[in-house]
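Examining the three-dimensional arrangement
Each chain is listed here by its residues.
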Amino acid sequence: MQGTVDGFSYGLVTPVAAFIMACLGGALGLRCTTRSLRHRDTFKAGWLALGATSIGTGIWTMHFIAMMGFSVQQAPISYDRPITFASLGVAVLMVGIGIFIVGYRGATALTLVTGGTITGLGVATMHYLGMAGMRLHGRIEYDTPTVALSVVIAVVAATAALWAAVSVHGFLASLGASLVMGGAVSGMHYTAMAAVSVHVQGAERPAGTGDTATSLLLPMLIGPAVFLILAAVVVMFDPLLVMGDPDWQRPAAQSVHRPGVPAPRHVPSYGEPANWSARPVGRAARRSVPRGGHRSQDW
């Protein structure tokens, strides 16, 4: 018997909440990736790992918040906990591989395409592995062309996200990139769900053992709450994540010099060697030294 599938059981509540979670993870992940690329310090790997965890967790949370609105009228749905959380590990791992490729190989066209493909395939794998953890008294089937379209959307969205991480600077531009990324991930999810059809076996029966969508809500909310706090702490202590390179951090050679205004002179600090290139050389230097090779001394 063909099951009646409803992907919006709670109306717009679950799509909007899922979109916000995807944007949150994408925003933090993109800014952490930008931080690692623009400052090659000892914390580079840590920033990349934080970015990968943020994006992967945001996408995973988005998926299962959206799945709370998915129902089959003739059969209750439950979820297998190990498979459900294995999909989170796959998302973080695959996104991490893509981000580390771009972070350590540079933002060339080849690395962006390679990293975006791996990341997009990881997002698609997370989605369909999460779907494999669904338990109901029936059989789930997929429309192959629609599944292929969802994978293409995931790859394109991931490639665009990596490009934004290395090209977009400033708060407003990063906010816009995060919104685009959240919309692309949500579009991929609902495109993939459009490929789903359920064939219920026999009359309505209780679903197999597992956790319901409501029982998974608490673990899903813990992750976003932690990342919200983490994002606030990171932004508070590192303004670069919001504003990019501030003017006061620019080297003196890159500062803008206005005509008619003398350039600021560098005063050496204690222990720093003086700039001997400014001393007079040649004939001027010989004039400053009196005959006999001795300098005059003022008492």
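Residues numbered from 1 in each chain as written. Predicted model: local features only at pLDDT ≥ 70, side-chain atom pairs only at ≥ 80, totals over all residues. Heavy atoms only, no water.

Scanning the protein chain from N- to C-terminus turns up nine helices and six strands. Burial status across the protein chain gives 40% buried among its 299 residues. A separation of at least 24 residues holds for 87% of the contacts in the protein chain among residues at least 6 apart in sequence. For the protein chain, the accessible surface area stands at approximately 16800 Å², while carbon and sulfur atoms represent 67% of it. (Helix = DSSP H or I, 4+ residues; strand = E, 2+ residues; numbered from the N terminus. Buried < 20%, exposed > 50% of the residue type's maximum accessible area, 1.4 Å probe, protein only. Contact = heavy atoms within 4.5 Å. Areas by Shrake-Rupley, 256 points an atom, 1.4 Å probe, with all protein chains shown as cover.)

Here the focus is the confidence of the model for the protein chain. Looking at the protein chain, the pLDDT average stands at 75 and 67% of residues meet or exceed 70. The model gives residues 205–209 a pLDDT under 50, and that stretch makes nine contacts with residues more than four places away or in other chains. The low-confidence segment residues 266–272, where pLDDT is below 50, has three contacts with residues more than four positions distant or belonging to other chains. (pLDDT = per-residue confidence, 0-100.)

Our focus in this paragraph is helix α6 (residues 171–194). Across its 24 residues, α6 extends 35 Å between first and last C-alpha, which sits within 8% of the 34 Å expected from 1.5 Å per residue. Turning to α6, its buried residues are Ser174, Ala177, Ser178, Met181, Gly182, Val185, Ser186, Met188, His189, Thr191, Ala192 and Met193. (Expected span 1.5 Å × (residues − 1).)

Attention now goes to a nonpolar patch on the surface. A grouping of Phe171, Leu172, Leu175 and Leu179 is seen on the molecular surface, where their side chains present a nonpolar patch of about 410 Å² in accessible area. You can see Leu172 is positioned in helix α6. (Patch = residues over 30% accessible without salt bridge, like charges linked within 9 Å, V, L, I, M, F, W, Y side chains within 5 Å. Salt bridge = Lys/Arg side-chain N within 4 Å of Asp/Glu carboxyl O.)

Here a ring pair, both rings aromatic, is described through the centre-centre distance and the interplanar angle of the planes. Across all of its chains, the model carries six aromatic pairs by this definition. With 5.4 Å between their ring centres and 40 degrees between their planes, Trp60 and Phe85 make a pair best called tilted. Taken as a pair, Trp60 in helix α2 (residues 44–67) and Phe85 in helix α3 (residues 81–105) lie far apart in primary sequence, 25 residues in all. A relative accessible area of 4% places Trp60 in the buried class. (Phe/Tyr/Trp six-rings, centres within 6.5 Å; stacked < 30°, edge-to-face > 60°.)

Bringing the environment of Arg105 into the picture now. Here Arg105 shows up in helix α3. Excluding residues that lie within four positions of it along the chain, Arg105 makes contacts with Phe100 and Thr111.

For the rest of this paragraph, the subject is the nonpolar core. A general feature of soluble globular proteins is that nonpolar side chains tend to end up buried together. Within the largest apolar cluster, 47 residues are counted, with the highest numbers of intra-cluster contacts made by Met67, Phe70, Val72, Ile77, Ile99, Met134 and Leu136. Mapped onto this core, the elements with two or more residues apiece are α1 (13–38), α2, α3, α4 (109–132), α5 (144–167), α6 and β6 (196–200). With 10 residues, α2 is the single largest residue contributor to this core. (Core = buried A, V, L, I, M, F, W, Y, C linked by side-chain atoms within 4.5 Å.)

On to the side chain of Ser150. Looking at the secondary structure, you find Ser150 in helix α5. By relative accessible area, Ser150 is classed as buried at 0%. What Ser150 contacts, discounting residues up to four positions off in sequence, is Tyr128, Met188, Thr191 and Ala192.

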